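# Coordinates in review
Residues per chain are reported as follows:
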Amino acid sequence: MAETDTEDTPILRVIAETERPVEVGDLVMDPQGLLQHRSDANPVTLTFSYHGYSFVANVPAEPETPLVLRATLGAIPYSAESVYCRRLARTVLAQARLNRGRMVRDNHSQVHLEMWMEPPRPRTPANVVSTIVALLLDARPYLDLLGPTLQRSSAPLT
């Protein structure tokens, strides 16, 4: 069996040169699929689905800057058959009190959720995910109330 120098493999070299703990955004995959140190200051964008809604979380590269979580929840219905749903949705929006965010209706009756919170340092994957979960738990009662009232688009999140 030939002896191989595992210390010389690019992935192990990159990992060995990375400060500990490894924070979200410290490492990226290049177009060839090799692990590299990140050189830009763009936020890391995570997309996921929760409770039937599509969310985008932006984790900024700058420390001491909050993570921002966004979702378009759907449109307030506007038809004679949906009077009850429309009233319920407007009431929920008027009464919504999010400690770390807001729920707004735009000019096209689309309801948007935006929340923010600074992840604990170091911004490891576990700390970033726990921050997202904390924000989602704050929003869940409103998502439960608005779910049956809003008309959701089947268009993919861009």
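Parameters at a glance
Residues numbered from 1 in each chain as written. Predicted model: local features only at pLDDT ≥ 70, side-chain atom pairs only at ≥ 80, totals over all residues. Heavy atoms only, no water. Salt bridge = Lys/Arg side-chain N within 4 Å of Asp/Glu carboxyl O. Helix = DSSP H or I, 4+ residues; strand = E, 2+ residues; numbered from the N terminus. Buried < 20%, exposed > 50% of the residue type's maximum accessible area, 1.4 Å probe, protein only. Expected span 1.5 Å × (residues − 1). Bend = angle between axes of the 7 residues up to and from the residue. Contact = heavy atoms within 4.5 Å. Arc of directions from axis to C-beta.

## Details of the pattern of salt bridges
Applying the stated criterion to the full structure yields 4 salt bridges. The closest approach of N and O atoms between Glu114 and Arg70, which form a salt bridge, is 2.9 Å. You can see Glu114 sitting in strand β7 (residues 110-117) and its partner Arg70 sitting in strand β5 (residues 67-75), a full 44 residues away along the chain. Judged by relative accessible area, which is 17%, Glu114 ranks as buried. Residue Arg102 pairs with Glu114 through a salt bridge whose shortest N-O separation is 2.9 Å. Residue Arg102 is located in strand β6 (residues 101-105), and its partner Glu114 is located in strand β7; the two are separated by 12 residues in the primary sequence. Judged by its relative accessible area of 45%, Arg102 falls in the partly exposed class. Put simply, Arg70, Arg102 and Glu114 are held in one network by salt bridges that share partners.

## Some remarks on helix α3 (residues 125-146)
With 22 residues, α3 ought to run about 32 Å at 1.5 Å a step, and its terminal C-alpha atoms sit 30 Å apart, in line with that. A maximum bend of about 45 degrees is found in α3 at Ala139, where proline Pro141 lies one to four positions downstream. When α3 is considered as a whole, its buried residues turn out to be Val128, Thr131, Ile132, Leu135, Leu136, Ala139, Tyr142, Leu143 and Leu146. Here the buried face of α3 lies against β3 (44-50), β4 (53-59), β5, α2 (83-95), β6 and β7.

## Let's talk about α2
Across its 13 residues, α2 extends 18 Å between first and last C-alpha, which sits within 8% of the 18 Å expected from 1.5 Å per residue. Of the residues making up α2, those classed as buried are Arg86, Ala89, Val92 and Leu93. Buried residues of α2, seen end-on, are gathered within an arc of 135 degrees and therefore sit on one face of the element. Of the residues in α2, the exposed ones pointing more than 90 degrees away from the buried face are Tyr84, Arg87 and Gln95.

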